[in-house]
Structures are given as C-alpha cells and as structure tokens.
Amino acid sequence: MEESTKFNSHKISKLTELSEGKFILKFEKKFNFKAGQIVSIAIKDKPKPRIYSLCCGENDSEMQILFDLKNDGEVTPLLSKLSSGDEILISEPYGNYLADNQSPMWWIATGTGIAPFYSMMKSGYRAEKLLHGARGTSNFFFANEFSTILGENYIQCNSLNDGETNFQGHVTDFIKQIERLPMHNKYYLCGRALMVVEVRDLLISKGVPFQNIVAEIYF
C-alpha cells in the first residue's frame, strides 16, 4: 500500500466527542473515494502525518474520520482541540481495503476499526455478518444504523459486560463458539494488531483459507 504524498488543506466543519476520548472529525470534501480507503492527516508545521480510515459514505457531502485520543500521541491531541473553521492537511484517499461485491462478506472490527465498515455500509455494501467488539456499551459507534440496516446480522461483542448487548465477551469468544464458518466468504478484519492476528489465526484454525482473510491494522 503506497501512501499518497499530495496534501490539500481542508476546512473543519465539526468535531464531536462520541464517548470519552473517541471523536468524529468532519471536514469539507474535495476528493472522491472508495469505501474502505484511508487518508493521511497532518497539521501544518506539526509532526509527521498519521493514517486514518475514512468513516463516511462515498456520496456523502462531507468527509469524516473516527479517532481515539492518545494523550501521549503526536497528532490526536492536536486533532481533539480543533474547531469549526480550522484547517488541516489531508492526502488524497488511497489504499486497497475495498469491499468485494463478488463474495459474501463478514466484517469483524474492534474500537475505531469500525470506521471502514461504516463507510462500506453507508456506500451501499452489505455484510452477511458484522461482529463489532467494544469495551463498554458507549463504544458501539453507529450501532443504531448498523442495527437498522443489518438487523440480527449485527452482533455486538461487549468485553466490559456493562449492559445488554448481543454477546458478552470478545469477538474471538464469539467466533470460538461457532461450529462451522462459511468457507467461501471474505473475512474483513480491522482493529489493533493483536486482535487482527488472533482473529486471523482463529479463522485459519477453523478452516477459512488464508486468501479469504483481508486485514487492516490500526496501531
């Protein structure tokens, strides 16, 4: 995956804190993109760019990202202080983490790794199943929209066990209880490296071909 090197200035339209330390940043749209693609974001005269998945539909009038504030990070503390009208530098969208219309898809995400799947759903793509792992009920972002569109195929896996969700435990716990997985599906994984590796190995142990697993890692 080759990073785009061309940056353009984009004006911020809105910053919203969805839950503690988890933000949606909206900005003006200057490029077309494909659901699942990423952008590099920088703040002028500040540290090097960081990569974020776009979290919006291909036909939306604005673009947005979902990010997790890291107090010791170089970019997210700056992003969390932006206001409407501020400007940031954003690359043209790039990347090949794209939905496959030819194969049934499972989407498996934790944390802010839900972003590309929200983009895919908003762009008209549908998953046969979405496993959404989060620590606590407040971190199931876009849950109402996923539930409305995917119905019972949207599974919330709550590792904190702090309220009613479909499943109490991690996404790996949910997968372990499934006796037989569809072998011809494409399995899209998005989240932190440890989760992606654990889920990938678990899927392979259950017979899913390696080439049917597509991964995007959030560091």
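Residues numbered from 1 in each chain as written. Predicted model: local features only at pLDDT ≥ 70, side-chain atom pairs only at ≥ 80, totals over all residues. Heavy atoms only, no water.

## Regarding the sheet that holds strand S8 (residues 129-134)
Item 1. Taken in spatial order, the 6 strands of this open sheet run S10-S9-S8-S7-S11-S12, and their pairing is parallel. Strand pairing shows two members of the sheet lacking a second neighbour, strand S10 (167-168) and strand S12 (213-218), which therefore form its edges.
Item 2. Along the sheet, helix H3 (residues 143-150) makes contact with S8 and strand S9 (154-158), crossing S9 at roughly 140°. (Pairing = 2+ DSSP bridges. Helix = DSSP H or I, 4+ residues; strand = E, 2+ residues; numbered from the N terminus. Contact = heavy atoms within 4.5 Å. Axes fitted to C-alpha atoms, helices over the stretch in contact; angles between N-to-C directions.)

## Focus on the packing of aromatic side chains
Item 1. Under the counting rule described, the total for this entry stands at 9 aromatic pairs.
Item 2. Look at Trp107 and Phe117: their rings are 5.4 Å apart centre to centre, the planes differ by 5°, and that puts the pair in the stacked class. A residue pair is termed long-range when its members are at least 10 positions apart, and Trp107 in strand S7 (residues 105-110) and Phe117 in helix H2 (residues 115-122) qualify at 10 residues.
Item 3. The class of Phe117 is buried, set by a relative accessible area of 0%.
Item 4. Summarising the aromatic geometry, the rings of Tyr118 and Phe142 are spaced 3.8 Å apart at their centres and angled 15° between planes, so their arrangement reads as stacked. (Phe/Tyr/Trp six-rings, centres within 6.5 Å; stacked < 30°, edge-to-face > 60°. Buried < 20%, exposed > 50% of the residue type's maximum accessible area, 1.4 Å probe, protein only.)

## Considering the pairing of S8
Taken residue by residue, a regular strand's side chains alternate between the two faces of the sheet.
Item 1. Most of S8 is tucked away: 6 of the 6 residues are buried.
Item 2. Of the two faces of S8, the one carrying Lys129, Leu131 and Gly133 and the one carrying Leu130, His132 and Ala134 are both buried.
Item 3. Pairing analysis gives 5 bridges linking S7 to S8, with the strands arranged parallel. From the neighbouring strand, Ala109 faces S8, where its bridge partner is His132.
Item 4. Note on the crossover from S7 through H2 to S8: the handedness is right-handed.
Item 5. Taken together, the 5 bridges between S8 and S9 define a ladder with parallel strand orientation. Looking across to S9, one finds that Leu130 is bridged to Tyr154.
Item 6. In this fold, the crossover linking S8 to S9 by way of H3 has right-handed handedness. (Right-handed = clockwise from strand over helix to strand, strands pointing away.)

## Description of unusual backbone geometry
Item 1. The phi torsion at Phe142 lies on the positive side, around 65°, for a residue other than glycine.
Item 2. Note on placement: Phe142 falls in the loop between S8 and H3.

## As for the environment of Lys44
Item 1. Residue placement: Lys44 occurs in the loop between strand S3 (38-42) and strand S4 (50-53).
Item 2. In the structure, Lys44 is positioned 131 residues away from Ile175 in sequence and 43 Å away in space, judged by C-alpha atoms.

## Some points on the side chain of Gln156
Item 1. As for its placement among the helices and strands, Gln156 is situated in strand S9.
Item 2. Here the side chain of Gln156 touches Tyr154 through a polar contact of 3.4 Å, side chain to side chain. (Polar contact = N/O pair within 3.5 Å; in protein donor to acceptor, adjacent residues only side chain to side chain.)

## So, H2
Item 1. Counting buried positions along H2 yields 7 of 8 residues, so the element is predominantly enclosed.
Item 2. Where H2 is concerned, the buried positions are Ala115, Pro116, Phe117, Tyr118, Ser119, Met120 and Met121.
Item 3. Gly124 sits one or two residues past H2 and shows a positive phi near 100°.

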